Amino acid sequence: MHKILIFLLFPTLVFGALNSSKSVTSELEILALPFENQKQVFQANDRTYKNLVAIAKDSKIGFNKRWKAVTALSEIFRDKAFDDLYTLSFSKEWFIKNAVVVGISNLKSPEKVEILGRLLKDSSLVVRSAVVEEIKVQKIENLRDELWEELNLPRNFKNNQSLWIRKQIIKLLSVNPKNHERKLFHRLLHEKEQEIIEASLIGAEKIVLTSAEIKSLQNEKMNIKLAKIKSKIMND
C-alpha cells in the first residue's frame, strides 16, 4: 500500500526524466552486449544497481537499453530489486511494463502476483499477453477469475474477431479446468470461431471425461467430439 501512495503523491519522482549523465555511460555500454556477457561484466554493487534504475527510468534513453536495464536488474539483483520493479510496473510505457513482467519470473516475492493481476488489465495487448504467459510459466492458480473476466472484454476483440490473447487465455485455463467452470466452458463451445472452440474443448473434456475416455476420442472427428462434450457438460 505504501508503494502505491508514493506513486500517487510523487509521480514525478517516480517517472520524471532523469539526466543520463556520464555516470551511467559504462552501464549503457555493457547493456549493448549480449545478455550472457552482461551478467559476466556487471558488478552486483550499489553503483551498478543505482545506475540501472536510472537508465530504466530515463525517457531520454532508447527503449531497447531501458528494457535491458530492467531485465538486468531482475536477473542480477533478484528480489533486492523488487521495490523498484514494482514502481516501474506503474509506468505509462508498455515496454517497461513488459520488461517488468518478464523480469519478475526470477523473483520469489508473493507480491508479484499483485503486479500480474493488475497488468492483466493493462491497455497494452502485448503487456496483457506477456502476463498470461507468465501466469502459465509460474503455474499461478489464484488469478483464474481475473483470466475469465479478461477473456470476454471488448478490448480482446477486433471487428468481432478474437485477438490472439483469447486463445492464449483459454489454453491456459484448459490446463487445469475446475468443475465449477463447466458453464463457462460450455458457453465457449458455442462460439463461432473454430480456434476458440478447439481450445475450449480441451478444458471441457477434462471436466466431463476420464483420461481413458479422452484418449478414446482422440481419432474422432471434431464434430463428433464436440457433440459428445456439449451433451455431457451440462447434463452430468
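To be clear, the structure that these remarks concern was listed above.
Residues numbered from 1 in each chain as written. Predicted model: local features only at pLDDT ≥ 70, side-chain atom pairs only at ≥ 80, totals over all residues. Heavy atoms only, no water.

## Here's the deal with the overall build of the chain
Secondary structure assignment for the chain yields 16 helices and two strands. Over its C-alpha atoms, taken along the principal directions, the chain stretches across nearly 70 × 35 × 30 Å. Taking all 236 residues of the chain together, 44% fall into the buried category. Restricting the contact set of the chain to residue pairs at least 6 apart, pairs at least 24 apart contribute 66%. (Helix = DSSP H or I, 4+ residues; strand = E, 2+ residues; numbered from the N terminus. Buried < 20%, exposed > 50% of the residue type's maximum accessible area, 1.4 Å probe, protein only. Contact = heavy atoms within 4.5 Å.)

## With respect to the environment of Ala72
Among the secondary structure elements, Ala72 is positioned in helix H6 (residues 63–77). In sequence terms Ala72 and Leu226 are 154 residues apart; their C-alpha atoms lie 47 Å from each other. Filtering out sequence-adjacent residues up to four positions away, Ala72 remains in contact with Leu31, Phe35, Gln38, Phe42, Leu52 and Phe77.

## Quick word on the pattern of salt bridges
Oppositely charged side chains may form a pair once their charged atoms are brought near each other. Tallied over the full model, the rule gives 16 salt bridges. Lys57 is paired through a salt bridge with Asp84; the nearest N and O atoms lie 3.9 Å apart. Highlighted residues: Lys57 in helix H5 (residues 46–57) and Asp84 in helix H7 (residues 82–88), separated in sequence by 27 residues. A relative accessible area of 13% means that Lys57 is categorised as buried. Looking at Asp84, the relative accessible area reads 19%, which means it is buried. Measuring nitrogen to oxygen at the nearest pair gives 2.9 Å for the salt bridge that ties Arg166 to Glu191. With Arg166 in helix H12 (residues 164–173) and Glu191 in the loop between helix H13 (182–188) and helix H14 (194–208), this residue pair connects regions lying 25 residues apart in the sequence. Judged by its relative accessible area of 0%, Arg166 falls in the buried class. Its relative accessible area of 21% is what places Glu191 among the partly exposed residues. (Salt bridge = Lys/Arg side-chain N within 4 Å of Asp/Glu carboxyl O.)

## Some words on empty space enclosed by the protein
Following the criterion strictly, the structure yields one cavity of 30 Å³ or more and no others. Roughly 30 Å³ of volume is contained in the largest cavity. Forming the walls of the largest cavity are Leu120, Lys121, Glu146, Glu149, Glu150 and Leu153. Residue composition of the lining of the largest cavity, by class: two nonpolar, no polar and four charged. (1 Å grid on protein atoms, 1.4 Å probe; cavity = no way out; pocket = protein on both sides within 12 Å on 5 of 7 lines; lining within 4 Å. Points joined across faces, edges and corners; volume = space filled by probe spheres on them. Nonpolar A, V, L, I, M, F, W, Y, C, P; charged D, E, K, R; others polar.)

## A few points about the nonpolar core
Counting 63 residues, the largest nonpolar core has Leu52, Val70, Leu85, Leu116, Ile135 and Leu147 as its most contacted members. Broken down by element, this core gets its largest block of residues, seven residues, from H14. Here Leu116 is in contact with Val101, Ile104, Val131, Glu134, Ile135, Ile140 and Leu143, once residues within four sequence places are set aside. (Core = buried A, V, L, I, M, F, W, Y, C linked by side-chain atoms within 4.5 Å.)

## Notes on the packing of helix H11 (residues 144–151) against H12
Packing of H11 against H12 brings their axes to within 10 Å, and their N-to-C directions diverge by 150 degrees. In terms of their interaxial angle, H11 and H12 are classed as roughly antiparallel. Between H11 and H12 lies a crossing of left-handed hand. Taking contact as the criterion, the partners of Arg144, Leu147, Trp148, Glu150 and Leu151 in H11 are, on H12, Arg166, Ile169, Ile170, Leu172 and Leu173. (Axes fitted to C-alpha atoms, helices over the stretch in contact; angles between N-to-C directions. Parallel < 35°, antiparallel > 145°, perpendicular 65-115°, else oblique. Left-handed = near helix turned anticlockwise from the far one by under 90°.)

## So, the environment of Lys192
Inspection of the secondary structure assignment puts Lys192 in the loop between H13 and H14. On a C-alpha basis, the gap between Lys192 and Val175 in space is 22 Å, while along the polypeptide they are 17 residues apart.

## Side note on helix H9 (residues 112–119)
Turning to H9, its buried residues are Lys112, Ile115, Leu116, Gly117 and Leu119. If you follow the buried residues of H9, they end up packed against H7, helix H8 (94–103) and helix H10 (125–138).

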